[in-house]
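Notes for the structure review
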Amino acid sequence: MDLLEQMVEAVIQGDEKRSAVLARQAVEQGLDPFQVIQEGCARGMHIVGDRFGRLECYLPEVILAADAMNAAVEVLKPYLMKREDRGTRGTVVLGVIQGDLHDLGKNIVKIMLETAGFTVHDLGSDVPVRRFVEEAEKMRADIIAASAILTTTMTYMPDIAAILRELDLREKYLIMLGGAPVIADWAAKAGADGYGEDALEAVGVAQRLMAQKGGAKVP
Ligand code: B12
């Protein structure tokens, strides 16, 4: 079994110690930490998630898997940070939309964006829609990025564009939406400028949007 598959297994087993050891081995072997998170940790988490959805496992197993994923991510983070140390590529206000506590995916998106050189203001989870806008104004953000994992909470997402329009600020910000139930067409209808299926795509989309916009706001 290669190291990425072992990582998938460690996350599925919820084996925090093993996932951290594997993460260390991965960097020692020169594996791309980006790939280890996406194809090892997140993949393991998705498998556990699917099992949970089919009632094949219980909540404590999901939580243990999340802990194992986070332990590996903690080890990998410093190596990710080394990839880009030039000036900011843009400022992103990122959070999980109101009513939603699922922050594991958002946390990966945050790490990936930071790795790619973006400045990320993490608002956490259960973030009221208006707060995204208020914080974007405070931080002079370029992008407002929101995550929703519940089909019930994704319905708040169109309110981001609506509130921006109401305040006559729509042109000032780019909106990026994502999360398991969100798809590209829906995101576009919800007023998003960009959508990413996973954290890697989130980075590509953020970079493309910033290029179209002509660069980051000057603080
Ligand atoms: C872990 C988990 C939990 C944990 C969350 C822990 C945490 N800190 O996040 C806990 C136990 C707290 C939990 C609670 C609940 N959960 Co839950 N949970 C899950 C589970 C198993 C995994 C979700 C996850 O973390 N996936 C892994 C991450 C890495 O993937 P991701 O979030 O999709 O993120 C990736 C992409 O979507 C993308 N992305 C994410 N955000 C963004 C943002 C942008 C801008 C972009 C571009 C991209 C992007 O990039 C990420 C990385 O690649 C799913 C099952 C599943 N199959 O997904 C259920 C699931 C989401 N939960 C569900 C439910 C119903 C609940 C509860 C209501 C349960 C209950 N009855 O109490 C509560 C709700 C609590 C709340 N108010 O939010 C349902 C949702 C069903 C629905 N129709 O919406 C699911 C699908 C399970 C099921 N099949 O029933 N849950």
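The rules behind these values
Residues numbered from 1 in each chain as written. Predicted model: local features only at pLDDT ≥ 70, side-chain atom pairs only at ≥ 80, totals over all residues. Heavy atoms only, no water. Core = buried A, V, L, I, M, F, W, Y, C linked by side-chain atoms within 4.5 Å. Buried < 20%, exposed > 50% of the residue type's maximum accessible area, 1.4 Å probe, protein only. Domains from an automatic or database assignment. Contact = heavy atoms within 4.5 Å. Buried area = accessible area lost by both parts, 1.4 Å probe. Salt bridge = Lys/Arg side-chain N within 4 Å of Asp/Glu carboxyl O. Polar contact = N/O pair within 3.5 Å; in protein donor to acceptor, adjacent residues only side chain to side chain.

This part is about the nonpolar core. Counting 50 residues, the largest nonpolar core has M7, I37, V92, L113, F118, I143 and M176 as the members making the most contacts within it. Each of two domains, domain 1 (3-81) and domain 2 (91-213), supplies a minimum of three residues to this core. Residues in contact with F118, not counting those within four places in the same chain, are T88, R89, G90, V92, L113, I143, A206, Q207 and M210. Among the nonpolar cores identified, the runner-up in size contains 27 residues, and V133, I144, M157 and I160 belong to it.

It is worth spelling out the domain arrangement of the protein chain at this point. The domains assigned to the protein chain are domain 1 (3-81) and domain 2 (91-213). A C-alpha centroid distance of 24 Å is found between domain 1 and domain 2. At the junction of the two partners, domain 1 supplies twelve residues and domain 2 supplies ten residues. Summed over both partners, the interface of domain 1 with domain 2 buries about 990 Å², with 82% contributed by carbon and sulfur atoms. Linking domain 1 with domain 2 are zero salt bridges, by the criterion used here. At the boundary of domain 1 and domain 2, one finds zero residue pairs in polar contact (both at pLDDT 80 or more).

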